[in-house]
Amino acid sequence: RTPLRAARRQGVPMARALALLLGASIAASLAPSHASVVELDIDNYDAAVGDDHVWAVEISSSRCETCREFAPQWSGAVEQLEGVKFGHVNVDEQGGKALAKKLKALQEGIPNVKLYKSSTPVTISSGSMRTSDWLAGEISKRLQGLAKDEGGLYLKAGAAAGKGEL
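Computed from a prediction, not measured in an experiment: that's the story for all the values here.

Rules of the game
Residues numbered from 1 in each chain as written. Predicted model: local features only at pLDDT ≥ 70, side-chain atom pairs only at ≥ 80, totals over all residues. Heavy atoms only, no water. Pairing = 2+ DSSP bridges. Helix = DSSP H or I, 4+ residues; strand = E, 2+ residues; numbered from the N terminus. Axes fitted to C-alpha atoms, helices over the stretch in contact; angles between N-to-C directions. Core = buried A, V, L, I, M, F, W, Y, C linked by side-chain atoms within 4.5 Å. Buried < 20%, exposed > 50% of the residue type's maximum accessible area, 1.4 Å probe, protein only. Contact = heavy atoms within 4.5 Å.

1. A few points about the sheet that holds strand β3 (residues 85-90)
Pairing within the open sheet is mixed, and its five strands lie in the order β1-β3-β2-β4-β5. On the outer flanks of this sheet lie β1 (37-40) and β5 (122-126), each paired with one strand and no other. Between one strand and the next, the sheet's axes are offset by a mean angle of 25°, whatever the strand orientation. Pairing between strand β2 (residues 55-60) and strand β4 (residues 112-116): five bridges, direction antiparallel. In the sheet register, Glu-58 faces β4, and the bridge partner there is Val-113.

Here's what the structure looks like:
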């Protein structure tokens with residue numbers, strides 16, 4: 001039994017059922033495929049990116065055509081990079097939109113990728129399409145010279161590497 005047939009049997013009009021399925025499909029395609037990507041919003045942002053580790057954060061909207069086209073490129077970059085924590089901000093959600101405004105990502109343009117290798121984020125890409133190879137390469141260049149902790153995660157500039165760390 002397909003989801004569409006199940007919806008029709010429950011009395012959901014065909015157009016509504018198709019719209020629901022399409023919306024779920026778009027949301028799934030924008031969701032990062034990497035298991036360790038953290039969904040960030042105004043409530044959890046400071047605690048997440050405020051730690052000593054390097055973060056790469058992607059900001060996007062499911063309503064943005066360029067963002068939808070960018071999603072697989074971002075996922076590919078996430079798969080290529082090691083030693084970085086990853087975050088995603090969904091501007092379609094109220095908390096995500098508030099965070100995107102705070103980060104000035106909406107002014108810069110989405111999709112937007114920011115790298116947190118110090119207390120101040122650096123914009124890697126804003127408002128344009130980039131390939132996964134370009135993104136991974138650009139982020140990797142900016143990680144040079146940073147220490148890693150014992151778990152292999154990059155530490156932000158100025159963060160103290162503890163005993164036994166690289």
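2. Here we look at the nonpolar core
By size, the foremost hydrophobic cluster in this structure holds 19 residues, and its most contacted members are Phe-86 and Ile-139. Looking at this core, the elements that each hand over two or more residues are α4 (65-80), β4 and α7 (132-143). Beyond its immediate chain neighbours, meaning those up to four positions away, Phe-86 contacts Ser-36, Val-37, Val-38, Trp-55, Ala-56, Trp-74, Val-78 and Leu-81. Of all hydrophobic cores here, the second largest spans 17 residues; its members include Tyr-45, Trp-55, Ile-110 and Tyr-116.

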